[in-house]
Amino acid sequence: MLLPFNISARAAEIHQAVSQQCVLQIEATEKRLLEVSTLNLVEAGTDKYSDSEPGRPVYATHSVYFTLEKEGGENLMNSPVLMKSLSTALFAQCNTAGSVVFGFNKSDWSETFGKMTDGTIQKFDCAEDPTQITWGTQPCL
């Protein structure tokens, strides 16, 4: 079960491989999310990629994630423009981040935005076949 967290304690919990400027941007994004009416931010942090991520850019060592719930979380999940804006700000400060994942708590619903090898930021497409997952795609759930 995921529980709400104290933002001030987050810096110690965020993955060691990210820079201080990245930690500050993750915290700024958390604060921005908490300003959304009826949104509950359940969890935020980083995950280190496995070596088996097909096509992952070499610089990308981790992903940033946010787990949301309530009506405001659903509204955010239905706003690709806002999610891309938040992701763009994170990529600007998190040089080793390859993707930003927004997930809806206790469900399979997630939206991923990734920094592509050409520097553009794109929403990952849905791949019907799990054996065909490459950089820029995520499983359809």
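Source: prediction; values computed, not measured. (Residues numbered from 1 in each chain as written. Predicted model: local features only at pLDDT ≥ 70, side-chain atom pairs only at ≥ 80, totals over all residues. Heavy atoms only, no water.)

Visitor: Teacher, can you tell me more about the environment of Asp-129 here?
Guide: In this structure, Asp-129 sits in the loop between strand E6 (125-127) and strand E7 (137-139). Residues Asp-129 and Pro-139 lie 10 residues apart in sequence; the distance between their C-alpha atoms is 7.4 Å. (Helix = DSSP H or I, 4+ residues; strand = E, 2+ residues; numbered from the N terminus.)

Visitor: How should I be thinking about the confidence of the model for the protein chain in this particular structure?
Guide: Caution applies to low-pLDDT parts of the model: their predicted coordinates are not meant to be read in detail. The predicted model of the protein chain averages 87 in pLDDT, with 88% of residues at 70 or higher. By mean pLDDT, the top-scoring element of the protein chain is helix H4 (residues 80-93) (97), and the lowest-scoring one is helix H1 (residues 10-13) (47). A low-confidence stretch, residues 1-12 stays under pLDDT 50, and its non-local contacts, those more than four residues away or across chains, total 22 contacts. (pLDDT = per-residue confidence, 0-100. Contact = heavy atoms within 4.5 Å.)

Visitor: Would you mind going over helix H3 (residues 70-77) with me for this structure?
Guide: Working note: α-helix, 3.6 residues per turn, so residues spaced by three or four point in the same direction. Inspection of H3 places Gly-72, Gly-73, Leu-76 and Met-77 among the buried residues, and these make up the whole buried set. End-on view of H3: buried residues confined to an arc of 140°, all on one side of the axis. Close packing links the buried residues of H3 with helix H2 (20-34), strand E2 (62-69), H4, strand E3 (97-104) and strand E4 (110-115). (Buried < 20%, exposed > 50% of the residue type's maximum accessible area, 1.4 Å probe, protein only. Arc of directions from axis to C-beta.)

Visitor: I'm lost on the state of the cysteines in this one. Help?
Guide: Two cysteines, two sulfur atoms, one covalent bond between them: this is a disulfide. All chains considered together, the criterion is met by two disulfides. Through a disulfide, Cys-22 is tied to Cys-94; the S-S separation comes to 2.0 Å. Taking the sign of the torsion about the S-S bond as the criterion, the disulfide between Cys-22 and Cys-94, at about 95°, is right-handed. A residue pair is termed long-range when its members are at least 10 positions apart, and Cys-22 in helix H2 and Cys-94 in the loop between H4 and E3 qualify at 72 residues. For the pair formed by Cys-22 and Cys-94, the shared burial category is buried. In the protein chain, the bonded cysteines, taken in the order they occur along the sequence, pair up as 1-2, 3-4. (Disulfide = S-S within 2.5 Å.)

Visitor: Hey, could you run me through the nonpolar core in this one?
Guide: Soluble globular proteins: nonpolar side chains tend toward being buried together. Core analysis: the biggest nonpolar cluster contains 24 residues, and Leu-33, Phe-66, Leu-68, Leu-76 and Phe-102 have the highest contact counts within it. Breaking this core down by element, the ones donating at least two residues are H2, strand E1 (40-48), E2, H3, H4 and E3. In this structure Leu-76 touches Leu-33, Leu-39, Leu-68, Leu-82, Met-83, Leu-86 and Phe-102, once residues within four positions along its chain are discounted. Judged by nonpolar contacts, the second largest core, of five residues, contains Tyr-49, Met-116, Phe-124 and Trp-135. (Core = buried A, V, L, I, M, F, W, Y, C linked by side-chain atoms within 4.5 Å.)

Visitor: What should I look at first to understand the pairing of E3 in this one?
Guide: In regular strands, side chains alternate between the two faces of the sheet. Burial runs high along E3: seven of the eight residues are buried. Where E2 lies against E3, seven bridges are found, and the strand directions are parallel. For Tyr-65, the partnering residue across the bridge sits in E3 and is Val-101. Pairing analysis gives five bridges linking E3 to E4, with the strands arranged antiparallel. Paired with Val-100 across the bridge in E4 is Phe-113. (Pairing = 2+ DSSP bridges.)

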